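# Residue-level structural notes
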Amino acid sequence: QSDRVTAAIDTQLDTRRLICRRYDGQDYIFDAATDQQEKYVADKLLLLDKLCPAVDAGDVNAFIDREERDQGVSYARGQKQAMALENGVMVLTGGPGTGKTTVVHALLHIFRSMDMSVALCAPTGRAAKRLSESTANEAKTIHRLLEAGIDPHTGKLCFAKDENNPLKADAVIVDEMSMVAI
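Since we're looking at a predicted model, the values are computed, not measured.

### Topic: the overall build of the chain
Scanning the chain from terminus to terminus reveals seven helices and seven strands. Its helices and strands in sequence order give the chain the pattern α-β-β-α-α-α-α-β-α-β-α-β-β-β, from N to C terminus. Against the globule reference of 16 Å for 182 residues, the chain gives a C-alpha radius of gyration of 20 Å, more extended than a compact globule. Projecting the C-alpha coordinates of the chain onto the three principal axes gives extents of approximately 65 × 50 × 30 Å. Here the chain holds 182 residues, and 24% of them are scored as buried. Restricting the contact set of the chain to residue pairs at least 6 apart, pairs at least 24 apart contribute 45%. Charge centroids of the chain, computed over 22 positive and 27 negative side chains, lie 4 Å from each other.

See the structure below:
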């Protein structure tokens, strides 16, 4: 049985339907289409990171300290690291109850203290509503934020806001990205 499985995997690897990648000395097998989509997203995040300015670490630490004093809270080390803003792009992950919403609240306060405009969005109307309620700030669906519409010439979905017509926000927070299909 295992010989047949190995042969089937080898065939899929030979035809490039599956991709093998090595990380930390361990081989992992990926569906080729998913691998390509994930690489596309990773490349876009790296590009955004290069284009988006980072915030000086000293400034951020001062804002975090002030936020802790003003809110009467003490952030965990991991939460402070998530607020570091040493890169132009940040991906915040964690299971339920790990403090992601607390970090989003703090980031909103920090950005606003720095006179930065912030756009909040989520993939679905329900998720955007939850984000609005949890932050007491307007949140839109990703489609609404990017001004989705139908191209009259092609009949395909298009966005008014893109790399040629960027959003007028200094920071964008997208909640529930795991819901987004590539």
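Once the structure has been displayed, the description carries forward.
### Some words on the nonpolar core
Grouped together as the largest cluster of nonpolar side chains are 25 residues, with contacts concentrated most on M83, L85, F111, V118, L120 and I173. For this core, the elements supplying multiple residues, two or more each, are α3 (57-71), α5 (100-113), β3 (118-122), α6 (125-135) and β7 (171-174). Looking at which element gives the most residues to this core, the answer is α5, with seven residues. Those residues within four positions of L120 in sequence are excluded, and the remaining contacts are L108, L131, T135, N137, E138, A139, K140 and I173.

### Structural notes on the pairing of strand β2 (residues 26-31)
Two elements, strand β1 (residues 18-23) and β2, share six bridges in a ladder whose sense is antiparallel. Bridge pairing in β2 links C20 to I29. Hairpin geometry of β1 and β2 is characterised by an intervening segment of two residues between the two adjacent antiparallel strands and by a positive phi of about 50 degrees at D24.

### Brief notes about the pattern of salt bridges
On inspection of all chains with the given rule, the structure shows six salt bridges. Across the pair D27 and R22 runs a salt bridge whose closest N-O atoms are separated by 3.1 Å. Judged by relative accessible area, which is 38%, D27 ranks as partly exposed. Residue classification places R22 among the exposed residues on the basis of a relative accessible area of 54%.

### Comments concerning a nonpolar patch on the surface
On the surface, a cluster of nonpolar side chains totalling about 440 Å² of accessible area is made up of Y40, V41, L45, L48 and V91. The topology assignment puts V41 in helix α2 (residues 32-51).

### Quick look at the sheet that holds β3
Strand pairing in a sheet takes place through backbone hydrogen bonds and is either antiparallel or parallel in direction. Strands sit in the order β4-β3-β7 across an open sheet of three strands; the sheet is parallel. Since the sheet does not close on itself, it has two edges, and those belong to β4 (139-141) and β7, each with one partner. Mean inter-strand twist for the sheet, computed between neighbouring axes without regard to direction, equals 35 degrees. The sheet contact formed by β3 and β4 spans three bridges and is parallel. Residue pairing for β4: C121 is matched across the bridge by K140.

Rules behind the numbers
Every chain begins its residue count from 1, and numbering advances along the sequence as written. In view of the model being predicted, local features appear only for residues whose pLDDT reaches at least 70, and side-chain atom pairs are presented and counted only at 80 or more, with totals across whole chains, interfaces and linings using the full set of residues. Heavy atoms from the whole structure form the basis of all side-chain values; hydrogens and water molecules are not counted. Counting from the N terminus, the helices are DSSP H or I runs at least four residues long and the strands are E runs at least two residues long. Throughout, the radius of gyration refers to the C-alpha atoms, and the reference size of a globule is 2.2 Å times the residue count to the power 0.38. For every residue, the accessible area obtained with a 1.4 Å probe (protein chains only) is divided by the maximum for its type, and the residue is called buried under 20%, exposed over 50%, and partly exposed between those limits. Here a residue-residue contact requires only that any non-hydrogen atoms of the pair lie within 4.5 Å. A residue counts as positive if it is Lys or Arg and as negative if it is Asp or Glu; His and the chain ends are not included. Lys charges are placed at NZ, Arg charges at CZ, Asp charges at CG and Glu charges at CD. Among buried residues, the Ala, Val, Leu, Ile, Met, Phe, Trp, Tyr and Cys ones that are joined through side-chain atoms within 4.5 Å form a nonpolar core. For two strands to pair, DSSP has to find at least two bridges joining them. Only one rule defines a salt bridge in this text: a Lys or Arg side-chain nitrogen within 4 Å of an Asp or Glu carboxyl oxygen. Excluding any residue in a salt bridge, patches collect residues exceeding 30% relative accessible area, merging like charges within 9 Å and nonpolar Val, Leu, Ile, Met, Phe, Trp and Tyr side chains within 5 Å. Using a 1.4 Å probe, accessible areas were evaluated by the Shrake-Rupley method; residue-level cover was limited to the displayed protein chains. Where helices are involved, their axes are fitted lines through C-alpha atoms of the stretch in contact, as for all axes, and angles between N-to-C directions lie from 0 to 180°.

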